[in-house]
Amino acid sequence: MSHTPNVAGLPKAELHVHIEGTLEPEMVFALAERNGIAPPAPTVAELRARYRFRDLQSFLDIYYANMAVLRTERDFHDLAAAYLARCRDQGVRHAEIFFDPQAHLARGVEMGTVVRGLAAALEAARTDEFSAELIMCFLRDQSAESAAETLRLAEPFLDRIVGVGLDSAEVGHPPSKFAEVFRRAHALGLRAVAHAGEEGPPEYVREALDVLGVQRIDHGVRALEDPALVARLRTERIPLTVCPLSNVRLAVVPEIAAHPLSRMLAEGLVVTVNSDDPAYFGGYVAQNFAAVRDGLGLSTNDLRRLAANSFEAAFLGDERRAQLLAEVAAWPSPPDGSG
Ligand SMILES: Nc1ncnc2[nH]cnc12
Ligand SMILES: [Zn+2]
């Protein structure tokens with residue numbers, strides 16, 4: 001077998017991971033038991049067997065149903081702590097983590113319960129080597145008024161939230177629906193990102209940039225259908241947080257060998273590789289790197305480019321960004337310097 005560099009050792013930022021999408025089936029059952037509620041399936045194996053998705057909506061139905069086991073501050077802490085523990089083995093040096101408060105508010109779980117639990121886990125995980133931030137997403141298949149109310153509820157916690165995002169069922173819910181709440185988020189000093197061009201058209205990517213003023217696009221793979229948009233993304237160096245295994249599992253692309261990531265790299269786009277909902281899609285971020293390395297035949301240079309892009313796209317200070325970029329440039333280096 002040819003020698004392939006160990007992508008788990010490649011220093012990287014993960015910029016597109018939904019914390020509720022890291023809820024492994026085993027944890028669904030453990031939390032159901034701890035909270036005295038019925039699990040969503042008879043066994044872990046039977047729950048996992050349902051993870052065959054036709055499209056985004058068929059995934060979201062199970063994703064939202066499983067979240068019912070998340071009730072207490074401790075639950076949210078334990079969920080984030082489990083993801084953060086995995087970051088160490090995945091080469092993740094910085095994580096920007098999405099959460100979906102409306103999905104919890106709807107079940108009577110308060111904003112403070114969610115944010116305090118998640119933020120405590122992030123605080124405990126921060127070191128000189130590792131940083132993490134929270135991005136609060138609005139559910140685009142709910143109303144603009146609900147998004148505005150969600151932002152109001154989050155105002156007491158903005159010291160623990162770096163930015164806002166937009167996720168959930170895309171088609172029929174254009175970014176422009178959320179112009180006002182994103183304006184308010186900018187006024188509050190928050191960063192902004194949005195899912196666009198996953199199932200939705202290139203026009204949604206444009207709206208996310210022009211109407212919502214986002215600094216990154218989450219997914220964005222359908223932007224490739226529009227050459228003028230591709231040229232703009234390249235010229236303005238707008239990062240796209242791509243999720244290869246997610247795209248295969250949600251039938252955005254037919255198989256990993258057909259994934260447009262190679263084309264995006266060749267176009268000079270600031271693309272990054274991320275896991276999206278790793279408990280559902282067959283792997284965390286290093287498995288996503290391995291899948292595109294093997295499925296698309298990416299070179300060591302390509303892998304370094306993807307990791308460097310992740311630090312360029314991250315909400316980091318200049319000094320730490322420069323340090324992490326230097327570590328990427330030195331990869332793969334022998335772990336003890338002896339080779
Ligand atoms: N891939 C995805 N697209 C839109 N909303 C999501 N919420 C969790 N994962 C998502
Ligand atoms: Zn996502």
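Since this is a predicted model, take the numbers as computed values, not measurements.

Describe the overall build of the protein, with residues and values.
The helix and strand inventory of the protein stands at 16 helices and eight strands. The C-alpha atoms of the protein give a radius of gyration of 19 Å, which matches the 20 Å a tight globule of 339 residues would have. Each principal axis of the C-alpha distribution contributes one length, and for the protein these read about 55 × 45 × 40 Å. When the 339 residues of the protein are sorted by exposure, 56% land in the buried category. Intrachain contacts of the protein at a sequence separation of at least 6 include 77% that bridge at least 24 residues. Approximately 13500 Å² of the protein is accessible, and the part contributed by carbon and sulfur atoms is 51%. In the protein, 34 side chains carry a positive charge and 47 a negative one; their mean positions are 1 Å apart.

Break down the environment of A290 for me, with residues and values.
As for its position among the elements, A290 is in helix 14 (residues 285-296). Judged by relative accessible area, A290 falls into the buried class, the value being 19%. In sequence terms A290 and T4 are 286 residues apart; their C-alpha atoms lie 9.4 Å from each other.

Tell me what's going on with the state of the cysteines, and back it up with residues and numbers.
Per the stated rule, a full pass over the model turns up zero disulfides. Cysteine C87 is unpaired, with the sulfur of C243 as its nearest cysteine sulfur at 14 Å. Not part of a disulfide, C243 finds its nearest cysteine sulfur in C137, a span of 12 Å.

How would you sum up the packing of aromatic side chains? Please name residues and give values.
Applying the stated rule across the entire model yields 10 aromatic pairs. Ring geometry for Y51 and Y280: centres 4.6 Å apart, planes at 40 degrees, overall tilted. On the criterion of sequence distance, the pair formed by Y51 in the loop between helix 2 (44-49) and helix 3 (56-66) and Y280 in helix 13 (residues 278-281) is long-range, its members being 229 residues apart. A residue is classified by how much of its surface remains accessible, and Y51, at 4% relative accessible area, is buried. The exposure class of Y280 is buried, given its relative accessible area of 1%. With a centroid separation of 5.1 Å and an interplanar angle of 65 degrees, the aromatic rings of Y63 and Y64 are classed as edge-to-face. Overall, the relative accessible area of 2% leaves Y63 in the buried class. Of the residues examined, Y64 reaches a relative accessible area of 23% and is grouped as partly exposed. Each residue in the set Y51, F53, F59, Y63, Y64, Y280 and F281 is aromatic and connected to the rest through ring pairs, giving one cluster. A cation sits over an aromatic face here: K12 above F289, 5.2 Å from the ring centre. One residue, R216, lies across the ring of F315, its end atom 4.3 Å from the ring centre.

Give a description of empty space enclosed by the protein that names residues and reports values.
Within this structure, the stated rule accounts for one cavity of 30 Å³ or more. In this structure, the largest cavity spans a volume of roughly 100 Å³. Along the wall of the largest cavity there are 14 residues; nearest its centre are H18, L60, D167, S168 and H195. Broken down by class, the residue content of the lining of the largest cavity amounts to five nonpolar, four polar and five charged.

Just give me the short version of the coordination of the zinc ion (ligand 2), but keep the residues and values in it.
Coordination of the zinc ion (ligand 2) by the protein is provided by H16 (NE2), H18 (NE2), H195 (NE2) and D276 (OD), with metal-donor distances spanning 2.0 to 2.2 Å. Geometry at the zinc ion (ligand 2) is irregular, judged from the four donor atoms that bind it and their angles of 85 to 174 degrees at the metal. Sequence spacing of the donor residues for the zinc ion (ligand 2), all on one chain, is H-x1-H-x176-H-x80-D. Note that H16 is positioned in strand 1 (residues 12-18) and H195 in strand 5 (residues 191-196), a separation of 179 residues in sequence. No difference in accessibility class separates H16 from H195, as the two residues are buried.

An account of the UniProt feature "active site" (unreviewed entry) in the protein is needed here, citing residue identities and associated values.
In the numbering used here, UniProt assigns the feature "active site" (unreviewed entry) to E198. For E198, the position within the fold is in the loop between strand 5 and helix 9 (202-210). Leaving out residues up to four positions away in the same chain, E198 has contacts with L56, E170, H219, G220, V221, R222, S246, L250, V252 and D276.

Residue-level account of the site of ligand 1, with values.
Taken together, H18, L56, F59, L60, Y63, D167, S168, H195, E198, H219, D276 and D277 form the complete shell of residues around ligand 1. One of the side-chain nitrogen or oxygen atoms of D276 is found 2.7 Å away from a nitrogen atom of ligand 1. Computed on the free molecule, ligand 1 has an accessible area of 270 Å², of which 100% lies beneath the protein chains in the complex. In the shell around ligand 1, the residues fall into four nonpolar, four polar and four charged.

Mind laying out the side chain of T272, listing which residues take part and the relevant values?
Looking at the secondary structure, you find T272 in strand 8 (residues 271-273). Take T272: its relative accessible area is 0%, and that puts it in the buried class. Polar side-chain contacts of T272 include one of 2.8 Å to the side chain of N274. Excluding residues that lie within four positions of it along the chain, T272 makes contacts with L15, L240, T241, V242, L306, N309, S310 and A313.

Calculation criteria
Residues numbered from 1 in each chain as written. Chains lettered and ligands numbered in written order. Predicted model: local features only at pLDDT ≥ 70, side-chain atom pairs only at ≥ 80, totals over all residues. Heavy atoms only, no water. Helix = DSSP H or I, 4+ residues; strand = E, 2+ residues; numbered from the N terminus. Rg over C-alpha atoms; globule rule 2.2 N^0.38 Å. Buried < 20%, exposed > 50% of the residue type's maximum accessible area, 1.4 Å probe, protein only. Contact = heavy atoms within 4.5 Å. Areas by Shrake-Rupley, 256 points an atom, 1.4 Å probe, with all protein chains shown as cover. Lys, Arg positive; Asp, Glu negative; His and termini not counted. Charge placed at Lys NZ, Arg CZ, Asp CG, Glu CD. Disulfide = S-S within 2.5 Å. Phe/Tyr/Trp six-rings, centres within 6.5 Å; stacked < 30°, edge-to-face > 60°. Lys NZ or Arg CZ within 6 Å of the ring centre and 35° of its normal. 1 Å grid on protein atoms, 1.4 Å probe; cavity = no way out; pocket = protein on both sides within 12 Å on 5 of 7 lines; lining within 4 Å. Points joined across faces, edges and corners; volume = space filled by probe spheres on them. Nonpolar A, V, L, I, M, F, W, Y, C, P; charged D, E, K, R; others polar. Donors = N, O, S within 2.8 Å, 3.2 Å for Na, K, Ca; no water. Tetrahedral: all angles 85-135°; square planar, octahedral: opposite > 155°, others 65-115°. UniProt positions renumbered as here; feature names shortened; annotations may be inferred. Near = heavy atom within 4 Å. Polar contact = N/O pair within 3.5 Å; in protein donor to acceptor, adjacent residues only side chain to side chain.

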